Amino acid sequence: MRSEWKAVLAWVLLLLFCLYVVGLGFTGTLTYYIHPRYEVFAVVAMGFCLAVGAIGLAISLQHAIAVKHTGKLKLRDAWPGWTGVLAITLLLAGLFIPPQTLSSHIADQRSLDFNTVPLAGDTSNSNLLFTTDTTQLSIREWVTALANSPDNAAYTGKPVKAQGFVYVNKQDGGEDVFYVSRFVITCCAVDARPIGLPVAYDDWRATFAPETWVEVTGEWVEQDGTLVVRPTNVVRIDQPEDPYAQ
Amino acid sequence: MHAATRQRFILTGALVGGAVAALGYLLLLPHIQQVPWQLPNQLQDTLTLTLSIIVEALPFVVLGSVFSAVIQVFVSTRWLLGHLPKNGLSRRALISLFGAFMPACECGNVPVARSLIIKGLKPADSITFLLAAPIINPITITTTVVAFQFDPSMVWIRLIAGFVIANAIGALIATYRNQKSLLTQSFRAVCEAPEVTHTHRHKFADALEVFRAEAVLMLGMLCFGAVIAALSQVFVPREILTTVGSDPVLSILAMSLLAFIISICASMDAFFALAYANSFTFGAVASFLVFGPMVDIKMLALMKTTFRTRVLVIVSALVALGSVLTGLVVNYAL
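We now turn to the structure provided with this report. (Residues numbered from 1 in each chain as written. Chains lettered and ligands numbered in written order. Predicted model: local features only at pLDDT ≥ 70, side-chain atom pairs only at ≥ 80, totals over all residues. Heavy atoms only, no water.)

1. So, the overall build of chain A
Link 1 in the chain: Scanning chain A from N- to C-terminus turns up seven helices and six strands.
Link 2 in the chain: In chain A, the succession of α and β elements from N to C terminus is α-α-α-α-α-α-α-β-β-β-β-β-β.
Link 3 in the chain: Here chain A, with 246 residues, has 52% of them falling under the buried criterion.
Link 4 in the chain: Across chain A, every contact between residues at least 6 apart in sequence was considered, and the portion connecting residues at least 24 apart equals 69%.
Link 5 in the chain: When the accessible surface of chain A is split by element, carbon and sulfur atoms take 57% of a total near 10800 Å². (Helix = DSSP H or I, 4+ residues; strand = E, 2+ residues; numbered from the N terminus. Buried < 20%, exposed > 50% of the residue type's maximum accessible area, 1.4 Å probe, protein only. Contact = heavy atoms within 4.5 Å. Areas by Shrake-Rupley, 256 points an atom, 1.4 Å probe, with all protein chains shown as cover.)

2. Brief notes about the packing of aromatic side chains
Residue and element names in this part refer to chain A.
Link 1 in the chain: Applying the stated criterion across every chain, the model contains 20 aromatic pairs over all chains.
Link 2 in the chain: With a centroid separation of 6.4 Å and 75 degrees between ring planes, the pair formed by Phe-183 and Tyr-244 is classed as edge-to-face. Taken together, the residues Phe-183 in strand E2 (residues 177-184) and Tyr-244 in strand E6 (residues 244-245) connect sequence positions 61 residues apart. For the pair formed by Phe-183 and Tyr-244, the shared burial category is buried.
Link 3 in the chain: Cluster of aromatic residues (ring-pair linked, three or more members): Phe-165, Tyr-167, Phe-183, Trp-213 and Tyr-244. (Phe/Tyr/Trp six-rings, centres within 6.5 Å; stacked < 30°, edge-to-face > 60°.)

3. A word on the interface of chain B and chain A
Link 1 in the chain: The partner chain A presents 71 residues to the 69 residues of chain B that form the contact.
Link 2 in the chain: Where chain B abuts chain A, roughly 6300 Å² becomes buried across the two surfaces, and 76% of that area is made up of carbon and sulfur atoms.
Link 3 in the chain: Viewed at the interface, chain A and chain B are joined by zero salt bridges.
Link 4 in the chain: Per-element accounting of the side of chain B that touches chain A gives the leading share, 20 residues, to helix H2 (residues 41-74) of chain B.
Link 5 in the chain: Taken together, the residues that form the side of chain B that touches chain A break down as 49 nonpolar, 15 polar and five charged. (Buried area = accessible area lost by both parts, 1.4 Å probe. Salt bridge = Lys/Arg side-chain N within 4 Å of Asp/Glu carboxyl O. Nonpolar A, V, L, I, M, F, W, Y, C, P; charged D, E, K, R; others polar.)

4. Topic: the layout of surface pockets
Link 1 in the chain: Its volume calculated, the second largest pocket comes out at about 740 Å³.
Link 2 in the chain: A:Tyr32, A:Pro99, A:Gln100, A:Thr101 and A:Gln239 are, among the 31 residues lining the second largest pocket, the residues nearest its centre.
Link 3 in the chain: Of all the secondary-structure elements, those providing two or more residues to the lining of the second largest pocket are E2 of chain A together with helix H1 (3-34) and H2 of chain B.
Link 4 in the chain: Residues belonging to the lining of the second largest pocket are distributed by class as follows: 14 nonpolar, 13 polar and four charged. (1 Å grid on protein atoms, 1.4 Å probe; cavity = no way out; pocket = protein on both sides within 12 Å on 5 of 7 lines; lining within 4 Å. Points joined across faces, edges and corners; volume = space filled by probe spheres on them.)

5. A closer look at the side chain of A:Ser181
Link 1 in the chain: Relative to the helices and strands, A:Ser181 resides in strand E2.
Link 2 in the chain: For A:Ser181, the contacting residues outside a window of four places in its chain are A:Phe114, A:Ile139, A:Gly164, A:Phe165, A:Tyr167, A:Ile195 and A:Gly196.

6. Structural notes on a nonpolar patch on the surface
Link 1 in the chain: A cluster of nonpolar side chains, namely B:Trp156, B:Ile160, B:Phe163 and B:Val164, defines an oily patch on the protein surface of about 420 Å² accessible area.
Link 2 in the chain: Tracing the backbone shows B:Trp156 in helix H8 (residues 153-174). (Patch = residues over 30% accessible without salt bridge, like charges linked within 9 Å, V, L, I, M, F, W, Y side chains within 5 Å.)

7. Some points on the pattern of salt bridges
All names here are of chain B.
Link 1 in the chain: The full count for this structure, using the stated rule, is five salt bridges over all chains.
Link 2 in the chain: Taking the shortest distance from any N to any O, the salt bridge between Arg-91 and Asp-125 comes out at 2.6 Å. Here Asp-125 lies in helix H6 (residues 123-132) and Arg-91 lies in helix H4 (residues 88-96), a separation of 34 residues in the sequence. The pair Arg-91 / Asp-125 is uniform in exposure class, with both members buried.
Link 3 in the chain: The partner of Asp-269 in a salt bridge is Arg-158, and the shortest N-O contact between them spans 2.8 Å. Here Asp-269, found in helix H13 (residues 269-274), pairs with Arg-158, found in helix H8; they are 111 residues apart in sequence, far enough to count as distant. Each member of the pair, Asp-269 as well as Arg-158, carries the same accessibility label: buried.
Link 4 in the chain: Connected through shared salt-bridge partners, Arg-91, Arg-92 and Asp-125 make up one network.

8. Brief notes about the environment of A:Arg110
Residue and element names in this part refer to chain A.
Link 1 in the chain: Assignment of secondary structure puts Arg-110 in the loop between helix H4 (104-109) and helix H5 (125-131).
Link 2 in the chain: Residue classification places Arg-110 among the buried positions, given a relative accessible area of 0%.
Link 3 in the chain: Each C-alpha atom of the pair Arg-110 and Val-221 lies 27 Å from the other, and the pair is 111 residues apart in sequence.

9. Focus on the nonpolar core
Nonpolar side chains in soluble globular proteins tend to end up buried together.
Link 1 in the chain: Judged by nonpolar contacts, the single largest core of 156 residues is most densely connected at A:Phe17, A:Tyr20, B:Leu131, B:Phe288 and B:Phe307.
Link 2 in the chain: Here this core takes 15 residues from helix H10 (residues 203-235) of chain B, the largest share from any one element.
Link 3 in the chain: Not counting the four nearest positions on each side in its chain, B:Phe307 is found in contact with B:Ile117, B:Pro123, B:Ser126, B:Ile127, B:Leu130, B:Leu182, B:Leu183, B:Thr184 and B:Leu312. (Core = buried A, V, L, I, M, F, W, Y, C linked by side-chain atoms within 4.5 Å.)

10. Regarding the packing of helix H2 (residues 39-66) of chain A against H2(B)
Link 1 in the chain: One way to put it is that H2(A) packs onto H2(B) with a least axis distance of 9 Å and a crossing angle of 50 degrees. As far as their axial angle goes, H2(B) and H2(A) are oblique. Classified by chirality, the crossing of H2(B) by H2(A) is left-handed. Facing H2(A), whose interface residues are A:Phe41, A:Ala42, A:Ala45, A:Met46, A:Phe48 and A:Cys49, H2(B) presents B:Leu58, B:Pro59, B:Phe60, B:Val62, B:Leu63 and B:Val66.
Link 2 in the chain: Along the lines of polarity and charge, the residues of the contact of H2(A) with H2(B) split into 12 nonpolar, no polar and no charged. (Axes fitted to C-alpha atoms, helices over the stretch in contact; angles between N-to-C directions. Parallel < 35°, antiparallel > 145°, perpendicular 65-115°, else oblique. Left-handed = near helix turned anticlockwise from the far one by under 90°.)

Geometric values such as these leave the question of function open.
Structure below.
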């Protein structure tokens with residue numbers, strides 16, 4: 001195919017990818033894929049690329065239309081190569097299949113990573129247990145605090161309010177305990193690790209399917225030597241806009 | 001109708017039509033996203049992971065392509081080559097520091113490296129740049145300092161190991177007499193093509209063309225690398241990797257393999273690695289932080305646009321060797 005038209009198609013592909021990312025930002029689903037700290041940069045870079053791409057497309061298109069063609073334009077010359085086909089497939093999938101968060105299959109697959117969070121994070125978290133309204137603590141803050149200072153007595157009775165999806169931790173979940181969980185991501189979904197708090201809820205399967213998003217209100221109690229959350233209320237909620245813990 | 005007028009009409013129509021379609025897509029998007037498409041879990045996860053790598057890396061690829069276009073069109077070859085040291089070792093040492101100006105995600109560095117080779121830089125020197133730039137980089141250094149406040153030695157281990165490995169490999173590759181044979185045929189053709197500045201009347205149009213060529217090429221390879229990384233994530237259980245955490249040798253191998261598969265950006269990998277600090281040896285974490293920024297699935301896919309497979313295999317093997325050695329030194333000697 002004439003190189004002028006190939007250039008036009010290349011610009012279109014680039015522009016559509018930019019449109020895809022901008023679309024994610026527009027509908028607030030960019031955080032399904034990347035950490036919020038990258039959001040602004042991603043949208044700005046894609047916006048810039050859209051502007052540059054539009055100009056580039058205009059110039060290439062003008063050039064392609066203006067050039068006198070000898071011989072027919074053959075469709076098979078438009079073959080973009082196998083990576084091109086892959087790129088187009090992914091683009092179409094991205095544009096038209098609704099974004100999803102990671103499923104519990106990934107959590108299972110990373111079950112040995114469950115509740116691994118940086119130990120050397122905020123040690124002032126353990127002080128939070130005694131001073132603030134602990135219902136404001138996120139799952140991540142609880143998990144970090146528990147990892148840093150695992151003294152059961154310090155937690156017993158402290159109120160908890162957590163939003164996450166219902167997850168059965170293969171390591172130690174069961175009939176009467178589920179984990180209210182989230183994924184923690186560093187850069188993008190590919191490095192996601194699951195974290196969660198154990199919730200003692202008899203026969204929870206009768207009420208909630210795994211992967212349902214819930215809000216758990218309750219308090220920490222000691223059960224058979226381990227801490228679990230004894231819930232006073234568990235309600236189904238919509239998946240929040242920020243599904244990954246930070 | 002006059003030919004020129006008709007052309008202008010078609011052009012305007014196409015552009016306006018495109019803009020309207022794009023706007024229409026954005027407005028319809030919330031509805032498209034409500035449609036209950038449900039792919040099987042593993043396929044959906046693979047798609048989510050693939051797209052996450054692409055979405056993460058694409059802005060950096062754009063940035064790198066902008067740099068590349070600027071270097072190719074606006075920087076004089078004479079100036080660039082004239083100001084570099086003639087001695088190979090000191091030249092590569094200086095080039096290792098170029099990371100200070102480059103986008104921290106290593107994917108953005110490949111278009112830049114390509115443009116430097118086109119400008120006359122030796123392929124061996126550009127390999128040193130590609131390996132060193134993600135580590136010797138203010139953003140990467142900052143995040144490593146912040147993440148490893150409890151043991152700042154990690155910052156130095158990473159910098160020194162990264163510098164030494166990048167320069168050692170560069171020096172080795174530089175011994176190849178025929179540097180051009182290290183490049184892919186298609187890239188050699190690009191290098192040998194006449195200077196871009198003679199194609200258009202305006203440098204800006206030239207820069208646009210370079211930008212497009214680089215960005216689209218990288219995009220294709222990024223998609224390829226992302227799919228491979230995602231598939232290995234979904235189908236290789238972490239258990240295989242994490243059951244060897246405390247062994248001083250196996251932990252290093254496991255973390256190096258993880259670094260390769262996970263293809264995480266160098267700017268933030270310190271925070272990711274930190275979470276393994278309590279279950280893996282310090283040497284294993286060090287080898288992760290050295291191996292990851294240099295070579296991973298995503299980077300190999302991008303570098304394949306420029307270097308021959310044989311070269312990439314050698315470089316990958318040497319980087320693996322270097323980072324494993326780093327880990328062993330840390331575990332046994334420090």
